[in-house]
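Residue-level structure breakdown
Listed below, chain by chain, are the residues.
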Amino acid sequence: MKLLVTGAGGLVGRAVVQHCKQKDCEVVGLDHAALDITNEKQIDAVFDQALPDAVINCAAWTDVDGCELDPERAQRANARGPELLALSCRRLGALLLAISTDYVFDGEKQRFYDQRDQPNPQSVYGRAKLDGERRAQQAWARTIVVRSGYIFGEGGTNFLSTFLERARRGERIRAIRDCVGTPTYACDLARQLYRLVTLDLPGIYHVVNSGEGASFESFARDVLAAAGLDEQLVEGISAKDLCRPAPRPRNSRLRCLLSPAIGLEALPALEDALLRFVCNNLGPQLAGTVLHTL
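Residues numbered from 1 in each chain as written. Predicted model: local features only at pLDDT ≥ 70, side-chain atom pairs only at ≥ 80, totals over all residues. Heavy atoms only, no water.

1. Details of empty space enclosed by the protein
- The tally for this structure, following the rule as stated, stands at two cavities of 30 Å³ or more.
- Roughly 50 Å³ of internal volume is contained in the largest cavity.
- Lining the largest cavity, in full, are Asn57, Asn78, Pro82, Ala98, Ile99, Ser100, Lys129, Gly132, Glu133 and Val145.
- Those elements that provide at least two residues to the lining of the largest cavity are helix H4 (71-92), strand S4 (95-101) and helix H5 (124-139).
- Of the residues belonging to the lining of the largest cavity, the class tally is four nonpolar, four polar and two charged.
- Lining the second largest cavity are Tyr103, Phe105, Gln122, Ser123, Pro247, Arg248 and Pro249.
- Residue composition of the lining of the second largest cavity, grouped by class: four nonpolar, two polar and one charged. (1 Å grid on protein atoms, 1.4 Å probe; cavity = no way out; pocket = protein on both sides within 12 Å on 5 of 7 lines; lining within 4 Å. Points joined across faces, edges and corners; volume = space filled by probe spheres on them. Helix = DSSP H or I, 4+ residues; strand = E, 2+ residues; numbered from the N terminus. Nonpolar A, V, L, I, M, F, W, Y, C, P; charged D, E, K, R; others polar.)

Right, dumping it as structure tokens:
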């Protein structure tokens, strides 16, 4: 199988390329400089040269507040882009897997969101991502949509990926306590994306690490505890105290109804993912100490 990965310079894209290169397939990873998914002519030219059997779209504009301030750019990157990829995939007969977000939900539900729940995004980012889901599926029936959220991993630039290093420098960390989701380790997400591509069963899937989910604050405290760092460095705050441009769902925890039905193995528990994340971010000696305590 020849696999093309867009957005290969980002957190998820890098994890997908790394994992898929270990499998029996040829991987072409393209960052934004190599492929702008809003450029139809460039997409067609790249696809005609690569002739992929499957495409995993990891390209997106994930700056939620930036999207709120520039809706046109958000729409191009997160809605029109997936549609253009789907059209080119249809022309070549290639499978498309498009990554979406937990922010397509409004956050008012008390329990987990599954595929039966009606999306109701409250932000420009969420609305554009939902539009991207629908445009891609309408353009090409052989499209898989994967919703995930609270993604963290090595080399990421978001809060969940960077606060551990900040804590190691002794910085105090403000973390939201009243928004909860299902944190997902990028390398675990990458493994499941590859499995979905090999299964080739179009539909909408929710892919997150197993467990009850976490707030930003509880996630941060658990990671610092696993790393042997002072949990008092974390200060819990309310989302409204940050006064950010874009609203966030108070609860965006995801659960998948389809995965068990098709025999798709659940992702590891969040606690396991946190420990691996900590070990991968510490030096060999400290990582060994953490593993010895398990």
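2. Overview of the sheet that holds strand S3 (residues 54-57)
- Spatial strand order, S2-S1-S3-S4-S5-S10: six strands in an open sheet with parallel pairing. Pairing within the sheet leaves two strands with one partner each, and these edge strands are strand S2 (26-30) and strand S10 (203-206). Adjacent strand axes in the sheet meet at a mean angle of 20°, parallel and antiparallel pairs treated alike.
- Two elements, strand S5 (residues 143-148) and S10, share four bridges in a ladder whose sense is parallel. Paired with Ile144 across the bridge in S10 is Gly203.
- Contacts from helix H1 (residues 11-20) reach strand S1 (2-6), S2, S3 and S4 within the one sheet, and its direction differs from that of S1 by about 165°. (Pairing = 2+ DSSP bridges. Axes fitted to C-alpha atoms, helices over the stretch in contact; angles between N-to-C directions. Contact = heavy atoms within 4.5 Å.)

3. Structural notes on the pattern of salt bridges
- Summed over all chains, the structure comprises 20 salt bridges.
- With a closest N to O distance of 3.3 Å, Asp44 and Arg91 form a salt bridge. Of the two residues, Asp44 sits in helix H2 (residues 40-50) while Arg91 sits in helix H4, which places them 47 residues apart along the sequence.
- For Arg91, a relative accessible area of 44% gives the class partly exposed.
- Through salt bridges with shared partners, a single network forms among Arg80, Glu83, Asp131 and Arg135. (Salt bridge = Lys/Arg side-chain N within 4 Å of Asp/Glu carboxyl O. Buried < 20%, exposed > 50% of the residue type's maximum accessible area, 1.4 Å probe, protein only.)

None of this, on its own, says anything about what the molecule does.
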